[in-house]
Amino acid sequence: MRERISFIFISLILSLVVCTVLARRSHKTIGRSVSRLLAAICLPVTGNLILIVSREKLLSTIGCYIYFTGMDFFLFSMLLFTFEYCNIRRPSKKVKAAVYFFLGTDILQFLLNPFFGHAFATEKITVSGDPYYRLIPYAGQYYHRIVCYGMFFAILIFFFMRTLRAPRIYSERYSVIFISYLIGGIWQSFYIFSRTPLDLSMIGIAVFGLLCFYFALHYRPMRLLDRMLANIASKMPEALFFFDLSGRCIWANRPGIELSAIHDDEFVQATTNLRRIFGSDLPLEENGWTSQKIIESGDDEHHYAMEKLLVTDERGRSAGSFLSIRDNTAEQIQLRQEIYNATHDKLTGLYTREYLYSRINGRIGNSPNIPRYAVFVDIKNFKIVNDIFSTDFGDFALKCVAEWLRSAFTHNSLFGRLGGDTFGVLVPVNEFNKAKLEDELSRFVVNDGSVEYHVLLHLGVYRITQADTDVSVMFDRAHLALSLIRDEYQTHIAIYDDTIRSQVLWDQHISAQLHEALAERHLRPFLQPIVDANGKVVGAEALARWIHPTDGFLSPAKFIPVFEKNGMIVEVDKYMWRCACEILSRWKKQGCDMFISVNISPKDFYFIDVTAEIRRLVKEYGIEPSRLRIEITETVMMTNADEKMNILRDLRSSGFIVEMDDFGSGYSSLNMLKDMPVDVLKIDMKFLSKSSDENKARTIIQNILKLSEDLGISSLTEGVETAEQFNMLSEMSCKLFQGYYFSKPISVEEFENSMIKK
Ligand code: C2E
Ligand code: CA
Ligand code: CA
């Protein structure tokens, strides 16, 4: 009996020592209190062990001392542990002092017992033939009991209150300690009052210590966690469904119940209901997938992000699965909007350059064998449109171009905005109707209600020969094709061919030489005589000629469009006007009163103050303004007509004679004529002879001439090549004539030698 009980006590003491060390090493703050408590419990348990094993008086008396004082230490550390474990505020100084006083005096009176014998004595008894020493309590022992019970009940009350007050899911950790502490107390009381020599209640106290160790340091309240997780899951905005191993739905949260329309918490219905909503192919038996579903109801559209995951236990064995369904409609719409914004141009709604390129790559990749064109669309003089009108009108024009692209190209084409005023199109060759597009572009007018403007669109076209060519290279080539367009207003579409590279190089080549050509007088005016109805030379038109030192004779058709495009035409024209003035001043000295007409490019008006420049020249050379005639083409009037009218009026009031060149070539309407501040209409025969029917041409000329006469505008016909034409025009009362029939443009020297001497 003694041995067996001793063995239990020793095992418990060893366990307590081990746990004391472990608690001491614990990182938790409560570790120190636990460690102190366990160490304190070791004292009465050891005291009791000594009592049990001792067969002689002295040893058992020592055991009693350790036991009783150990109880004081145990209760003291239990009090400290209680404060920490129950999160109770530390007691006030007075209470602390009282505790120290009672425990201190108790220990002191035990220490004095050997001298006064006032606390206890022991008596030998025999149980089953074995000697034991039984306690005989005196006054001091009763004092000890009062102190200990006082402490015991105080602690018991703390735990009791905690157990009562804590939320249900927390009360577990208090109630376990409370109950085991109570049992320990009752067990102990039984021994005290039954005066049994073998006090086994210390086993209860030791076990209680171990419980404290476990609950304070290692206990994870699984039920608490479960509850919390369940609570969180119920409050999640997404619908959650939990399935057991057989795939039956065992629980769904509130949004889940609502989404799947489960009745009366019949969770098993969920599977069927979800399949009805999301389609019978919803792979509910499978795990580890995510999916985005769109459900349409009426005009509404709902987007759901779904995720089905396997749930495993801590050893990784499958324990079931769960499905989460999140309504992310707003997110998806926002995402769609963001994708749209990133891929579409804000102003026109067309694809952005990057997106167009990627779409083109995809389209060509899918069907590389369909022959296609890459078309580069450019708005000519867009900067001028913005400057002269407003950026609002410019924006409006861009939108109109986008609209035109939508109407002109089918869904087999792709188009987008490449940059400010440029657009790109990918179109199958067999859907590209050049004649139709040319026709539409020649009539492409933008009207915002207050301004009407002919927007000049140029299309450079590149036929895609190799599917793996970089899209940007395709459009670069299509862009290059634009340089083939010489006559800006007549031709709108140019197709890239291999000569284009040399063309571009040639343009650069002559542009680089212009200054030298002017300085060296390689570029100089030729004069083409202008005659009156009697055939008498009355003037001449100055036309530029470039006698190139290596390339030979260059016609203006080769270089004027190049310079018109890059703006260098201003240099040429200013130079030509100066030459004309130089010639006129020489003629004036020779007493010759013939005039010279000079050409003014529409671009000149954009870059310089034409009136001021010309006025300055005639002043410098001291010539009559009426000797210098100004030829402008009707295209000048296409932008900012009012301002141009003022300029022309200005020129006329300064005494210059203004001629409307190439009348009938393009957009002029006879109606416009009456408001035009011009002196002379210059009608070009070649535009008229272009029309098939000669009679028709004759009628048109006749009417133009008649109208101009009625309006008091003089007329000049150029391009007269035959005597018949001359006679016919004379009969129609045309005043002046110019053409190969009289003379080709000739050098100034030749002109002066042959014409002035006449
Ligand atoms: P334009 O101002 O209409 O000049 C008349 C053109 O018709 C000249 O061509 C002239 O040689 C040609 N021509 C004259 N009579 C006949 C004829 O009976 N039959 C035919 N088929 N053609 C005739 P050119 O000199 O080659 O000039 C072409 C264009 O170049 C001019 O057309 C003008 O627009 C431009 N140009 C020439 N010189 C200058 C210049 O100094 N400044 C500017 N801005 N443009 C110029
Ligand atoms: Ca001319
Ligand atoms: Ca002309």
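Residues numbered from 1 in each chain as written. Chains lettered and ligands numbered in written order. Predicted model: local features only at pLDDT ≥ 70, side-chain atom pairs only at ≥ 80, totals over all residues. Heavy atoms only, no water.

With respect to the environment of I379
Stage number 1. You can see I379 is positioned in strand β8 (residues 372-379).
Stage number 2. In this structure I379 comes out as buried when scored by relative accessible area, which is 2%.
Stage number 3. The sequence separation of I379 and D421 amounts to 42 residues, and the corresponding C-alpha distance is 5.6 Å. (Helix = DSSP H or I, 4+ residues; strand = E, 2+ residues; numbered from the N terminus. Buried < 20%, exposed > 50% of the residue type's maximum accessible area, 1.4 Å probe, protein only.)

So, the packing of helix α1 (residues 2-25) against helix α2 (residues 31-53)
Stage number 1. Running from N to C, α1 and α2 point in directions that differ by 160°, and their axes come no closer than 8 Å. It follows from the interaxial angle that α1 and α2 lie roughly antiparallel. In the crossing of α1 with α2, the sense of the turn from one axis to the other is left-handed.
Stage number 2. Along the lines of polarity and charge, the residues of the contact of α1 with α2 split into 17 nonpolar, six polar and three charged. (Axes fitted to C-alpha atoms, helices over the stretch in contact; angles between N-to-C directions. Parallel < 35°, antiparallel > 145°, perpendicular 65-115°, else oblique. Left-handed = near helix turned anticlockwise from the far one by under 90°. Nonpolar A, V, L, I, M, F, W, Y, C, P; charged D, E, K, R; others polar.)

Details of the site of ligand 1
Stage number 1. Neighbouring ligand 1 are 21 residues, the closest being Q528, R545, D573, E721 and Y740.
Stage number 2. For ligand 1, an oxygen atom lies 3.1 Å from a polar atom in the side chain of N599.
Stage number 3. A distance of 3.2 Å separates an oxygen atom of ligand 1 from a polar side-chain atom of D661.
Stage number 4. Elements with a minimum of two residues in the shell around ligand 1: β16 (537-548), α18 (556-566), α19 (569-589) and β20 (657-663).
Stage number 5. Counting residues per element, the shell around ligand 1 draws most heavily on β16, which supplies four residues.
Stage number 6. Tallied by class, the residues present in the shell around ligand 1 amount to nine nonpolar, five polar and seven charged. (Near = heavy atom within 4 Å. Polar contact = N/O pair within 3.5 Å; in protein donor to acceptor, adjacent residues only side chain to side chain.)

Structural notes on the coordination of the calcium ion (ligand 3)
Stage number 1. Binding of the calcium ion (ligand 3) to the protein goes through D661 (OD), D662 (OD), E718 (OE) and E718 (OE), at separations of 2.1 to 2.9 Å.
Stage number 2. Within one chain, the residues serving as donors to the calcium ion (ligand 3) are arranged as D-D-x55-E.
Stage number 3. Between the calcium ion (ligand 3) and the calcium ion (ligand 2), the interatomic distance is 3.9 Å, and D661 donates to each metal, bridging them. Of this pair, D662 sits in strand β20 while E718 sits in strand β22 (residues 714-718), and the two are 56 residues apart along the sequence. (Donors = N, O, S within 2.8 Å, 3.2 Å for Na, K, Ca; no water.)

Things to note about the domain arrangement of the protein
Stage number 1. As far as domains go, the protein holds domain 1 (2-219), domain 2 (231-333), domain 3 (344-496) and domain 4 (507-756).
Stage number 2. Its C-alpha centre places domain 2 at a distance of 50 Å from the equivalent point of domain 3. (Domains from an automatic or database assignment.)

What about the coordination of the calcium ion (ligand 2)?
Stage number 1. Donor atoms from the polypeptide that bind the calcium ion (ligand 2) are E541 (OE), N599 (OD1), E631 (OE) and D661 (OD), placed at 2.1 to 2.4 Å.
Stage number 2. Between consecutive donor residues of the calcium ion (ligand 2), the sequence gaps follow E-x57-N-x31-E-x29-D.
Stage number 3. Here N599 falls in the partly exposed class, since its relative accessible area comes to 24%.
Stage number 4. D661 gets classed as buried once you look at its relative accessible area, which sits at 6%.

Notes on the environment of A557
Stage number 1. Following the sequence through the fold, A557 ends up in helix α18.
Stage number 2. A557 sits in the exposed class, given a relative accessible area of 57%.
Stage number 3. Placed twelve residues apart in sequence, A557 and R545 show a C-alpha to C-alpha distance of 9.8 Å.

What to know about the pattern of salt bridges
Stage number 1. Applying the stated criterion across every chain yields a total of 26 salt bridges.
Stage number 2. With a shortest N-O distance of 2.7 Å, K682 and E541 are connected by a salt bridge. Taken as a pair, K682 in strand β21 (residues 680-684) and E541 in strand β16 lie far apart in primary sequence, 141 residues in all. We note that K682, like E541, is buried. (Salt bridge = Lys/Arg side-chain N within 4 Å of Asp/Glu carboxyl O.)

Brief notes about the pairing of β22
Stage number 1. Counting buried positions over the five residues of β22 gives four, a clear majority of the element.
Stage number 2. Of the strand pairs in this sheet, β21 and β22 are connected by five bridges, and their pairing is parallel. Bridged to I683 within β22 is T717.
Stage number 3. Sheet topology note: the β22/strand β23 (residues 736-738) ladder contains two bridges and is parallel. Across the sheet, residue T717 finds its bridge partner in β23, namely F737.
Stage number 4. Taking the sense of rotation as the criterion, the β-α-β connection linking β22, helix α26 (residues 723-731) and β23 turns out right-handed. (Pairing = 2+ DSSP bridges. Right-handed = clockwise from strand over helix to strand, strands pointing away.)

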